[in-house]
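So you can see what is in the structure, the chains are spelled out below.
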Amino acid sequence: NSSSAQLALYAKSLEDEISRIQLMEYQLASDEDLNYLANAYSVMSDFERSQYMLRAVKMLTIMKNSSSFIESAVIHIPSIQKTVSTDSSSQFLFESYADSLKKHQEDSGLSFENNQICLYAQYPFTLASANEYDALFIIKVTLSNSAIADLLNGFNQSPGSFTELSAADQDYTVWAGSALPE
């Protein structure tokens, strides 16, 4: 019973953190500067564009630094084909997002990509047709598997034990513990 209660506590902790991150995404989606960047980019001066892009990077950096569970955060603005990211090596593929949305059709914004949990938020979002998406911007947050493994490690009390978090219907698994399965 103690192990079950402890496992439920860890699961609840992870769920709460995911909910908190999603709330931050939605708050970012309502940011006036980000909306102005997406809507007025074509009439901005070069200096103004750079200032608003830097503000977007700053907002993403604040979001990323607010949680050890966030590995990277990205904003993609389809109308101007610009991507702002906290990670210079991060590449956002709008096509992958669109394909993921077609497959899952969930309102949760939760997706599994390359054995990582990704949280999406878009503003506004309408499905114009089967192949056409109309979003002013899309925010993608990728969660850190190492932070999730650290959380799971707290459950492993005895030598040789391990914990696994997986999504049954998705290709996602994170292992933690002193003796990982082969």
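This report concerns the structure included in the present document. (Residues numbered from 1 in each chain as written. Predicted model: local features only at pLDDT ≥ 70, side-chain atom pairs only at ≥ 80, totals over all residues. Heavy atoms only, no water.)

Direction vectors running N to C along helix α1 (residues 2-29) and helix α3 (residues 46-65) enclose 165°, while the axes themselves pass 11 Å from each other. Looking at the two axes, α1 sits roughly antiparallel to α3. For α1 against α3, the interelement crossing comes out right-handed. Residue-level contacts link M24, E25 and L28 of α1 to M59, L60 and M63 of α3. For the contact of α1 with α3, the class distribution of residues is five nonpolar, no polar and one charged. (Axes fitted to C-alpha atoms, helices over the stretch in contact; angles between N-to-C directions. Helix = DSSP H or I, 4+ residues; strand = E, 2+ residues; numbered from the N terminus. Parallel < 35°, antiparallel > 145°, perpendicular 65-115°, else oblique. Left-handed = near helix turned anticlockwise from the far one by under 90°. Contact = heavy atoms within 4.5 Å. Nonpolar A, V, L, I, M, F, W, Y, C, P; charged D, E, K, R; others polar.)

It is worth spelling out helix α2 (residues 32-40) at this point. Residues L34, N35, L37, A38 and A40 constitute the buried set of α2. Between a side-chain oxygen at the N-terminus of α2 and the backbone nitrogen of D33 the separation is 3.0 Å; the capping residue is D31. (Buried < 20%, exposed > 50% of the residue type's maximum accessible area, 1.4 Å probe, protein only. Polar contact = N/O pair within 3.5 Å; in protein donor to acceptor, adjacent residues only side chain to side chain.)

On to the packing of aromatic side chains, then. Enumeration according to the criterion identifies three aromatic pairs in this entry. Relative to Y52, the ring of Y36 has its centre 5.0 Å away and its plane inclined at 45°; by these criteria the two rings are tilted. Linking Y36 in helix α2 with Y52 in helix α3, this pair joins segments that are 16 residues apart in sequence. The exposure class of Y52 is buried, given its relative accessible area of 13%. Ring geometry for F112 against Y172: centres 5.4 Å apart, planes inclined by 45°, an arrangement best described as tilted. Separated by 60 residues along the polypeptide, F112 in strand β3 (residues 110-113) and Y172 in strand β7 (residues 172-177) bring together distant segments of the chain. Accessibility expressed as a relative area gives 2% for Y172, which makes it buried. Above the plane of the ring of Y41 lies R49, whose end atom (NZ or CZ) is 4.4 Å from the centre. Against the face of Y52 rests R55, its NZ or CZ located 4.4 Å from the ring centre. (Phe/Tyr/Trp six-rings, centres within 6.5 Å; stacked < 30°, edge-to-face > 60°. Lys NZ or Arg CZ within 6 Å of the ring centre and 35° of its normal.)

Take the pattern of salt bridges next. Opposite charge on two side chains permits them to pair, given that their charged atoms come into close proximity. Summed over all chains, the structure comprises five salt bridges. The closest approach of N and O atoms between D16 and K12, which form a salt bridge, is 2.7 Å. Of the two residues, D16 and K12 are both situated in helix α1; the distance of four residues between them amounts to about one turn of the helix. (Salt bridge = Lys/Arg side-chain N within 4 Å of Asp/Glu carboxyl O.)

With that out of the way, let us pick up the environment of T61. Relative to the helices and strands, T61 resides in helix α3. Its relative accessible area of 30% is what places T61 among the partly exposed residues. Sequence spacing of T61 and D87 is 26 residues, and the spatial spacing of their C-alpha atoms is 9.4 Å.

Here we take up the side chain of T142. Structurally, the position occupied by T142 is in strand β5 (residues 132-143). Setting aside chain neighbours within four positions, we find T142 in contact with F69, I70, E71, S72, Q116, I117 and C118.

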